[in-house]
Amino acid sequence: MGHLTPLRVSLLALATLATPAGAGSMYRFEDEQGIVHYTNVPGDPRYSFVRKEPEPAPPRPAAGGGALSQGLRTFASVIRAAAERYGVDTRLVEAIVQAESAGNPTAVSPKGARGLMQLMPERAALLGVRDSFDPHQNVDGGVRHIRDLLQSFGGDVTLALAAYNAGEGAVRSYGGVPPFAETREYVRRVRALYNGGGSLTPKAVALITAPQRVYRTVADDGTMVFTNVPPRAAAPASGRF
């Protein structure tokens, strides 16, 4: 398990970064206790310059039409590099980032999830992410996490997304997407973004809301295989995309 580094973000920075006057430079320093501080108003000589927001680029078309948000355009190269590094569809990572943080690298949820892909501190520690507010670390860890979930669920995007939101244990326990309103809305939203920004078809909605059973088999060498097809069935397992 990686070392969990405590993080402290200037409330002034979070408030002003959301305004035109605060959108721009960011400064950072790590104190003797390992606490990382961020601000856009450096009142301490230990702060060092981190980044300045680039000039807005013309929006590029997203899959299925439409345009990427400003946040996604800013970190498009970071997202693409991580997606290619771990073999995950770039469009899926973009959809997750849009749904999780709208491309805001300093976003913090009411439950404490942080950064572009909204990693909880415990998950970040397991992934070896020391600074969840660092876009490169956050996206690298988040993409590795969704890759592992896709592998665990045989490439089933719907189940992987449900596990990203509610936890793998909940998906296993309920045999499919858990009956949590938040999780089902999250899956619906990300799938809609992933499918090109439009609404899901009634058939796709039914796939999300219908109970789904997952089967597990253990091979002689101890390898576990999860599938939505009964082990003795002749048809191979297949994911929904």
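In what follows, the structure referred to is the one given above.
Residues numbered from 1 in each chain as written. Predicted model: local features only at pLDDT ≥ 70, side-chain atom pairs only at ≥ 80, totals over all residues. Heavy atoms only, no water.

Draft legend 1. How the structure looks around the side chain of glutamine 118. Tracing the backbone through its elements, the reader meets glutamine 118 in the loop between α4 (90–101) and α5 (121–126). Polar side-chain contacts of glutamine 118 include one of 3.5 Å to the backbone oxygen of alanine 113. Excluding its chain neighbours within four sequence positions, the residues that come into contact with glutamine 118 are Glu100, Ala107, Val108, Ser109, Ala113 and Asn138. (Helix = DSSP H or I, 4+ residues; strand = E, 2+ residues; numbered from the N terminus. Polar contact = N/O pair within 3.5 Å; in protein donor to acceptor, adjacent residues only side chain to side chain. Contact = heavy atoms within 4.5 Å.)

Draft legend 2. Seen up close, the layout of surface pockets. Quantified by volume, the largest pocket comes out at close to 670 Å³. As for the largest pocket, its lining consists of 28 residues, of which Glu100, Gln118, Met120, Tyr164 and Asn165 are closest to the centre. Elements represented by at least two residues in the lining of the largest pocket include exactly α4, α6 (135–152), α7 (157–166) and α9 (181–194). At 6 residues, α9 tops the list of elements feeding residues into the lining of the largest pocket. A class-by-class count of the residues in the lining of the largest pocket yields 13 nonpolar, 7 polar and 8 charged. (1 Å grid on protein atoms, 1.4 Å probe; cavity = no way out; pocket = protein on both sides within 12 Å on 5 of 7 lines; lining within 4 Å. Points joined across faces, edges and corners; volume = space filled by probe spheres on them. Nonpolar A, V, L, I, M, F, W, Y, C, P; charged D, E, K, R; others polar.)

Draft legend 3. Inspection of the packing of aromatic side chains at higher detail. What the rule picks out here adds up to 1 aromatic pair. Between tyrosine 174 and phenylalanine 180, the ring centres sit 5.6 Å apart and the planes meet at 85°, which makes this aromatic pair edge-to-face. (Phe/Tyr/Trp six-rings, centres within 6.5 Å; stacked < 30°, edge-to-face > 60°.)

Draft legend 4. Broad picture of the nonpolar core. Among the nonpolar cores identified, the biggest contains 39 residues, and Leu92, Ile96, Ile146 and Leu161 are the most heavily contacted of them. Contributing elements (two or more residues each) for this core: α3 (76–86), α4, α6, α7 and α9. In terms of residues, this core owes the most to one element, α7, which gives 7 residues. Not counting residues up to four positions away in its chain, the partners in contact with isoleucine 146 are Val88, Ile96, Ala160, Leu161 and Tyr164. (Core = buried A, V, L, I, M, F, W, Y, C linked by side-chain atoms within 4.5 Å. Buried < 20%, exposed > 50% of the residue type's maximum accessible area, 1.4 Å probe, protein only.)

Draft legend 5. Inspection of α3 at higher detail. Three or more residues of α3 are buried, namely Ala76, Val78, Ile79, Ala82, Ala83 and Tyr86. Seen from one end, α3 has its buried residues packed into an arc of 165°, which puts them on one side. Elements in contact with the buried residues of α3: α2 (70–74), α4 and α6. Just downstream of α3 lies glycine 87, where phi reads positive at about 70°. (Arc of directions from axis to C-beta.)

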